[in-house]
Amino acid sequence: MKGSKQVAMFKAAQISLFGNIVLFTVKLTALLLVHSLAIATDLGITVVGLIVSVIFYYSVKVSNRPADLAHNYGYGKIEHVCEALEGIVLIGIALVMSVQAVLHLAHTSEITMPWLGFGFSIISVIVNFLGSAWILSMAKICASPAVRAEGIHYRLEGFISLTIAGAFLLAILLAPTFLRPWTMYLDPVATLIVSIWITVPSFEMSRHAFLKLLDASLEEGSKMEVIKQLGKYMGQCCEFRDIRSRSSGRKKFVECDVVLPCRMSFPEAHRISSEIEKDLRNNIPGCEATARIIPCDESCAILAASQKCPYLPSKE
């Protein structure tokens, strides 16, 4: 299973890198021929995507390194660094291009060769949506936040290219009509819409990555699964203390203290803690569990009343 996840991550990284090279070539050619601010914005996003793809490919290699003395919990957090970096840079591009769009609204110019712009944008739409589908399918296999972020980026670029294609198509349709003078505003307006469209998901992407870098606990579904698995042992354990969880890339870590009767034999206590760890690993994808054994202090009401401890096996 571990090998298949690594293969899926590397395949996603290769698809991302190849797709961004194709998109860069297409959009650069379009910009040289059409001279459109919207295409320039789209090209800028692809340049960022190409740089991030290289970083993403490197981060996939690093994140799959085993834990060592320098990084006891492994290198999974580099995936969140890649995710945060992508979001921040996209927000920066959106802000710069929105300013440029406002300036171009004051100094408009006619779009040259809108048919070419429309054709190149449609090619970008196809490449982006196909790339997004493939990368997100890989993300389901490997459960990597960096792969998922890259898939979302591709899908976002697809909608951006679709918006730009719509602006070119509108310019083509309005050109023979009395509304032709208004077509000069389509390019900066499309750029402004694209810039706003980028900002919201990019901000959410960065926020999510920073929360994970700050050791945020697992999502609600995994937390409920932790409680469910621990609940199965309530009849064998006195109590559970200090239940903690965190994420590191696609890996999840769960730790807890298992309070057991101090008179319980060590082999029995070890068996219970090992079974708890095994159940957590088997039911939470990518989970590494640690259940520490804590002996009770015999201060409970049951022992105070000189009754037999109900958590001790009958043979004890």
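Structural data are supplied above this passage.
So, a few notes on the structure that sits alongside this text. A quick note: this is a predicted structure, and the numbers were derived from the prediction, not measured. (Residues numbered from 1 in each chain as written. Predicted model: local features only at pLDDT ≥ 70, side-chain atom pairs only at ≥ 80, totals over all residues. Heavy atoms only, no water.)

**Details of the state of the cysteines**
In a disulfide, the sulfur atoms of two cysteines are covalently bonded to one another.
Okay, so step 1: Applying the stated rule across the entire model yields zero disulfides.
Okay, so step 2: Left unpaired, cysteine 256 is separated from the closest cysteine sulfur, that of cysteine 237, by 8.6 Å.
Okay, so step 3: Owing to a relative accessible area of 1%, cysteine 256 belongs among the buried residues under this scheme.
Okay, so step 4: Unpaired in this structure, cysteine 296 has its nearest cysteine sulfur neighbour in cysteine 262, at a distance of 4.2 Å. (Disulfide = S-S within 2.5 Å. Buried < 20%, exposed > 50% of the residue type's maximum accessible area, 1.4 Å probe, protein only.)

**Considering the packing of helix H5 (residues 145-174) against helix H6 (residues 186-213)**
Okay, so step 1: Across the interface, H5 lies against H6 with an axial gap of 10 Å and an inter-helix angle of 165°. Comparing their axes, H6 and H5 come out roughly antiparallel. Considering how the two elements wind past one another, H5 and H6 form a crossing that is right-handed. Contacts from Ala149, Leu156, Phe159, Ile160, Thr163, Ile164, Ala167, Leu170 and Ala171 in H5 reach Leu186, Ala190, Ile193, Val194, Trp197, Ile198, Pro201 and Met205 in H6.
Okay, so step 2: In terms of residue class, the contact of H5 with H6 is made up of 16 nonpolar, one polar and no charged. (Axes fitted to C-alpha atoms, helices over the stretch in contact; angles between N-to-C directions. Helix = DSSP H or I, 4+ residues; strand = E, 2+ residues; numbered from the N terminus. Parallel < 35°, antiparallel > 145°, perpendicular 65-115°, else oblique. Left-handed = near helix turned anticlockwise from the far one by under 90°. Contact = heavy atoms within 4.5 Å. Nonpolar A, V, L, I, M, F, W, Y, C, P; charged D, E, K, R; others polar.)

**Points about the nonpolar core**
Okay, so step 1: Counting 38 residues, the largest nonpolar core has Ile45, Phe56, Val147, Ile160, Ile164 and Ile198 as the members making the most contacts within it.
Okay, so step 2: Those elements that place two or more of their residues in this core are helix H1 (2-34), helix H2 (37-63), helix H3 (78-106), helix H4 (114-142), H5 and H6.
Okay, so step 3: Setting aside anything within four residues of it in sequence, one finds isoleucine 160 in contact with Asp42, Ile45, Val194 and Ile198.
Okay, so step 4: Ranked by size, the runner-up nonpolar core spans 21 residues in total, among them Cys237, Cys256, Ala269 and Ala289. (Core = buried A, V, L, I, M, F, W, Y, C linked by side-chain atoms within 4.5 Å.)

**Concerning the pairing of strand S3 (residues 287-295)**
Okay, so step 1: Judged from the nine bridges that link them, strand S2 (residues 251-260) and S3 form a sheet pairing that is parallel. When the sheet's bridge partners are listed, glutamate 255 is paired in S3 with threonine 290.
Okay, so step 2: Once you follow S2 into helix H8 (residues 266-283) and on to S3, the crossover reads as right-handed. (Pairing = 2+ DSSP bridges. Right-handed = clockwise from strand over helix to strand, strands pointing away.)

**Thoughts on helix H7 (residues 220-231)**
It helps to recall that an α-helix has 3.6 residues per turn; residues three or four apart then point in one direction.
Okay, so step 1: Over its 12 residues, H7 extends 16 Å from the first C-alpha to the last, a length consistent with the 16 Å expected when each residue adds 1.5 Å.
Okay, so step 2: Listed as buried for H7 are Ser222, Glu225, Val226, Gln229 and Leu230. Along the axis of H7, the buried positions cluster into a sector of 130°, meaning they face one direction only. Turned more than 90 degrees away from the buried face of H7, the exposed residues are Glu220, Gly221, Met224, Ile227 and Lys228.
Okay, so step 3: In this structure, the buried residues of H7 make contact with strand S1 (239-248), S2 and H8. (Expected span 1.5 Å × (residues − 1). Arc of directions from axis to C-beta.)

**Topic: the packing of aromatic side chains**
Okay, so step 1: Throughout the structure, instances matching the rule amount to two aromatic pairs.
Okay, so step 2: An angle of 90° between the planes, with centres 6.4 Å apart, marks the rings of tryptophan 115 and phenylalanine 118 as edge-to-face. Within this pair, tryptophan 115 and its partner phenylalanine 118 are both found in helix H4, separated by three residues, close to a single helical turn.
Okay, so step 3: On the basis of relative accessible area, tryptophan 115 is assigned to the exposed category, the value being 60%.
Okay, so step 4: Where phenylalanine 129 meets phenylalanine 159, the ring centres are 5.2 Å apart and the plane angle is 80°; that geometry is what we call edge-to-face. Remark: phenylalanine 159 occurs in helix H5 and phenylalanine 129 occurs in helix H4; sequence separation between them is 30 residues. (Phe/Tyr/Trp six-rings, centres within 6.5 Å; stacked < 30°, edge-to-face > 60°.)

**A few points about a nonpolar patch on the surface**
Okay, so step 1: A contiguous nonpolar patch, built from Phe159, Leu162, Phe178, Leu179, Trp182, Tyr185, Val189, Ile193 and Trp197 and spanning about 890 Å² of accessible area, is present on the exposed surface.
Okay, so step 2: Counting only elements with at least two residues in the nonpolar patch, the list comes to H5 and H6.
Okay, so step 3: Broken down by element, the residue count for the nonpolar patch peaks at three residues, all from H6.
Okay, so step 4: In this structure tryptophan 182 comes out as exposed when scored by relative accessible area, which is 56%. (Patch = residues over 30% accessible without salt bridge, like charges linked within 9 Å, V, L, I, M, F, W, Y side chains within 5 Å. Areas by Shrake-Rupley, 256 points an atom, 1.4 Å probe, with all protein chains shown as cover. Salt bridge = Lys/Arg side-chain N within 4 Å of Asp/Glu carboxyl O.)

**Some details on the sheet that holds S2**
Okay, so step 1: Read from one edge to the other, the open sheet built from three strands follows the order S1-S2-S3, with strand pairing classed as mixed. Each end of this open sheet is capped by a strand with a single partner; those strands are S1 and S3. In this sheet, neighbouring strand axes are inclined to one another by 15° on average, regardless of whether the strands run parallel or antiparallel.
Okay, so step 2: Here eight bridges tie S1 to S2, and the two strands are oriented antiparallel to one another. Paired with arginine 244 across the bridge in S2 is glutamate 255.
Okay, so step 3: Where H8 meets the sheet, it contacts S1, S2 and S3, and its direction lies at approximately 155° from that of S3.

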